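Each chain, written out:
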Amino acid sequence: MSDFLPEDLIQEILFKLPIKSLVRCTSLCRTWNSLIKSPTFISKHLQRTISSTDHQSLFLLRLCSKEREEQYSLRLDNQDFNEHMQLHFPFESFKSYFHVIGSCNSLICLAKVIQRFTVSFIFWNPLIQKYVNIEPRILGHLSHTSCIQYATYLRDYKRVKEDDT
C-alpha cells in the first residue's frame, strides 16, 4: 500500500476522514480505491462514525415548489436548525413526485409516485452522489408503513413494510 507507512496506520487515518474526503481518496491509487470500497472498511467506518462522540444528528429537509422542483438539505439538530449542507437532487420530477420513505446511516429511500401509484423506489446516498433505482413487482398505492433498515445478517439495506417486520 505504501513504502513509508504501515497498512494499519493508513487504515486508521482513512477511518477518521469524512465521507466526501474518502470518495476523493479513491482516485489516488488502486489500492486505496479497493480498500475504501471494501465491505469491511465501509462497515468499520460506519460503526466508528456512529459511535463517535462528536457525531451530530442531522435532519433531512425537503422543499417542493409548485413547479415540482424538489430541494433537499441536511440541517443541524440545534435551536436555529442551521443548514449543514445543500444536497444535489439528481432526479427529474416532471410528471411525478417523490415521497421520502425514510433514511438510515445517510442512505435515503424515496418512492417515485405518478398519479398516486408508486412506480419505483430509489436508494440514494447524497454524500457520494450515487443511487439505485428499484422497480416494484406490483404497481400500487404507497404504503405509509414502509421504512428502510440496515439488515446486519445481509450487511445491506432493505425497504420493509409493516407486514415484513
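Refer to the structure presented above.
Residues numbered from 1 in each chain as written. Predicted model: local features only at pLDDT ≥ 70, side-chain atom pairs only at ≥ 80, totals over all residues. Heavy atoms only, no water.

J.: Summarise the pairing of strand β7 (residues 130-134); cite the residues concerned and give the values.
T.: In terms of strand pairing, strand β6 (residues 117-125) meets β7 through five bridges, oriented antiparallel. Counted as the bridge partner of F121 is I134 from β7. Counting the residues between successive antiparallel strands, the hairpin from β6 to β7 contains four residues, one of them, Q129, with a positive phi of roughly 60 degrees. (Pairing = 2+ DSSP bridges. Helix = DSSP H or I, 4+ residues; strand = E, 2+ residues; numbered from the N terminus.)

J.: If you had to explain the sheet that holds strand β4 (residues 97-104) to someone new, which residues and values would you point to?
T.: Read from one edge to the other, the open sheet built from four strands follows the order β4-β5-β6-β7, with strand pairing classed as antiparallel. The two strands at the open ends of the sheet, each matched to only one other strand, are β4 and β7. For this sheet the average axis-to-axis angle between neighbouring strands, irrespective of direction, equals 25 degrees. In this structure, strand β5 (residues 107-114) lies alongside β6, joined through seven bridges in antiparallel fashion. From the neighbouring strand, L110 faces β6, where its bridge partner is I122. (Axes fitted to C-alpha atoms, helices over the stretch in contact; angles between N-to-C directions.)

J.: Which residues make up the side chain of S73, and what values do they have?
T.: Considering the arrangement of structural elements, one finds S73 in strand β2 (residues 70-76). In terms of polar contacts, S73 uses its side chain to reach the side chain of R75, at 3.2 Å. Beyond its immediate chain neighbours, meaning those up to four positions away, S73 contacts F59, L60, L61, E83, M85, Q86 and L87. (Polar contact = N/O pair within 3.5 Å; in protein donor to acceptor, adjacent residues only side chain to side chain. Contact = heavy atoms within 4.5 Å.)

J.: Break down the nonpolar core for me, citing the residues and quoting the values.
T.: General note: in soluble globular proteins, nonpolar side chains tend to be found buried as a group. Counting twelve residues, the largest nonpolar core consists of Y72, L74, M85, L87, F89, F91, F98, I108, L110, I122, W124 and L127. For this core, the secondary-structure elements that each account for two or more residues are β2, β3 (83-87), β5 and β6. Not counting chain neighbours up to four residues away, the residues in contact with M85 comprise K20, S73, L74 and L127. Counting residues in each nonpolar core, the second largest holds eight residues, with I10, F15, L22 and I36 among its members. (Core = buried A, V, L, I, M, F, W, Y, C linked by side-chain atoms within 4.5 Å. Buried < 20%, exposed > 50% of the residue type's maximum accessible area, 1.4 Å probe, protein only.)

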